[in-house]
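Listed here are the chains, written in short residue letters.
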Amino acid sequence: MTATLQQMTGPAYTRIYAFGAARGENAVPNEDLIEPINSSDEWIRQRTGIVTRARAVAETDAIDLASDAAAEAIERSGVDAADVDLVIVATISNPKQTPSVSAIVADRVGANPAAAYDINAACAGYAYAVAQADALIRAGAARYALVIGTEKLSDVVDPADRSISFLLGDGAGAALIGPSETPGIAPAVWGSDGSKADAVGMNHTLTEFRDGVAPWPTLRQEGPTVFRWAVWEMAKVAREALDVAGIEAADLAAFIPHQANMRIIDEFAKQLKLPETTVIARDIETTGNTSAASIPLASHRLMAEHPELSGGLALQIGFGAGLVFAAQVVVLP
């Protein structure tokens, strides 16, 4: 007689229980960055909407930021840290290639021996991680998941680069996800277009730096290419995410896009024809672009400023390096 393997099943639905956040200790105004790029405060504000950006001190790394954000999310959720059995960290700025940020954070917050792994999907990383946590919980592979986006992008900035350096900030945002009696996370619409991978990303490899043939790798982008792709192609993805969730733009209490650029956010709102009642996250103004951390950081601030949004529907969409993207509708905690 052939033995039959057992398979696990989990709850039918999941939801976000709580958010946590940590931002770099310093608020860096535009005036501190304009000399190396031969620019002005007015130019940066007009092009990006950024007034200041959060940047961490030298002693703080992406792991520290992630640990602080995770600890807050756990505390606010009411879930015991020992019951968290999955930690997913989205980042492009792990200070080491290995070990993973997630395993260290799991230990720091008391979730040891949770399953833990990092993902690199750049500015879409957090949305990717939410989709994975939702699927793994519903499959029975985990019960409570800690999803974190964390970045210390000031470590990979060339202060003289006009394409992206003035955009970037440091921070971490976290969400505690668990089972729900009603749907709280809609299916993700995600994908990539690696044919345009050179539009935004690192300008050199670590091996080139090691061999002395290139300087320390930093982030660069083709601004116009990224802007056009984000505005036109990602608006289509956002509309598809609404369709698969079975809702319309008019149903949204909040819109939480990746905080890439205020002009992109404003154009998104126009493309989606969002009603005036939809609150739009604009965390970029004082935090900057924090890649994988931007959506959870913006969500955390939005809930602090608008607690009445609790229980409402929010559309979140991440997009970035490698032209990777993910969008989904979630119920706000």
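Shown above is the structure to which this text applies.
Computed from a prediction, not measured in an experiment: that's the story for all the values here.

Draft legend 1. Representation of the overall build of the chain within the structure. Counting its regular elements, the chain contains 10 helices and 14 strands. Computed over the C-alpha atoms, the radius of gyration of the chain is 19 Å, within 12% of the 20 Å expected from 2.2 N^0.38 for a compact globule of 333 residues. When its C-alpha atoms are laid out on the principal axes, the chain stretches across 70 × 50 × 40 Å. Residue burial in the chain is summarised as follows: out of 333 residues, 56% are buried. For the chain, the accessible surface area stands at approximately 14600 Å², while carbon and sulfur atoms represent 50% of it. Averaging the positions of the 24 positive and the 41 negative side-chain charges in the chain gives two centres separated by 5 Å.

Draft legend 2. Structural view of a nonpolar patch on the surface. Taken together, the side chains of Leu206, Phe209 and Trp216 define a hydrophobic patch exposed on the protein surface, amounting to about 300 Å² of accessible area. A residue is classified by how much of its surface remains accessible, and leucine 206, at 41% relative accessible area, is partly exposed.

Draft legend 3. Fine view of the sheet that holds strand 1 (residues 13–23). Strand order in the open sheet formed by five strands is 1-7-6-4-5, with mixed pairing between adjacent strands. Edge strands, defined here as strands with exactly one partner in the open sheet, are strand 1 and strand 5 (115–119). The sheet shows a mean angle of 15° between the axes of neighbouring strands, direction not considered. The pairing of strand 4 (residues 86–90) with strand 6 (residues 145–152) spans five bridges and is parallel. Within strand 6, the position partnered with valine 87 by the bridge is leucine 146. Packing against the sheet, helix 10 (residues 294–305) makes contact with strand 1, strand 6 and strand 7 (170–180), and its axis sits at approximately 90° to strand 1.

Draft legend 4. Spotlight on helix 10. The end-to-end C-alpha separation of helix 10 is 16 Å, in line with the 16 Å expected for 12 residues at 1.5 Å each. Burial of helix 10 is extensive: nine of the 12 residues sit out of reach of the surface. Those residues of helix 10 that fall on the buried side of the exposure criterion are Ser294, Ile295, Pro296, Leu297, Ala298, Ser299, His300, Leu302 and Met303.

Draft legend 5. Expanded view of the sheet that holds strand 8 (residues 189–192). If you walk across this open sheet you meet the five strands as 8-14-13-11-12, and the pairing is mixed. The open sheet has two free edges, formed respectively by strand 8 and strand 12 (279–280), since each of these has just one partner strand. Where strand 13 (residues 313–320) and strand 14 (residues 324–331) come together, eight bridges link them in antiparallel fashion. Residue isoleucine 317 lies in a different strand from strand 14, and its bridge partner there is alanine 327. Helix 5 (residues 125–138) rests against strand 8, strand 13 and strand 14 of the sheet, and its axis sits at about 55° to strand 14. The strands touched by helix 10 within the sheet are strand 11 (254–257), strand 12 and strand 13, with strand 11 carrying the most contacts at an inclination of about 150°.

Calculation criteria
- Each chain carries its own residue numbering, running from 1 in the written order of its sequence.
- Predicted model: local features are reported for residues with pLDDT of at least 70 only, side-chain atom pairs are reported and counted for 80 or more only, and whole-chain, interface and lining totals are derived from all residues.
- The side-chain figures draw on all heavy atoms in the structure; neither hydrogens nor water molecules are used.
- Secondary structure elements follow DSSP: runs of H or I of four or more residues count as helices, runs of E of two or more count as strands, with numbering from the N terminus.
- Radius of gyration here is computed from C-alpha atoms only, and the compact-globule reference equals 2.2 Å multiplied by the residue count raised to the power 0.38.
- Whether a residue is buried, partly exposed or exposed follows from its accessible area with a 1.4 Å probe, protein chains only, as a fraction of its type maximum: under 20%, in between, or over 50%, in that order.
- Surface accessibility follows the Shrake-Rupley procedure with a 1.4 Å probe radius. Residue values consider only the protein chains on display as shielding.
- Counted charges follow a simple rule, with Lys and Arg positive, Asp and Glu negative, and His plus the chain ends left uncounted.
- Charged side chains are reduced to one point each, which is NZ for Lys, CZ for Arg, CG for Asp and CD for Glu.
- The residues that make up patches have over 30% relative accessible area and no salt bridge, and they are joined within 9 Å when like-charged or within 5 Å when they are Val, Leu, Ile, Met, Phe, Trp or Tyr.
- Any carboxyl oxygen of Asp or Glu within 4 Å of a side-chain nitrogen of Lys or Arg constitutes a salt bridge here.
- A pair of strands is considered paired only if DSSP assigns at least 2 bridges between the two.
- As a rule, the C-alpha atoms of each element are fitted with a line to give its axis, helices using only the stretch in contact, and angles between N-to-C directions run from 0 to 180 degrees.
- Residue contacts follow a heavy-atom distance rule, with two residues in contact if any of their heavy atoms lie within 4.5 Å.
- By definition here, a helix of n residues has an expected span of 1.5 Å times n minus one.

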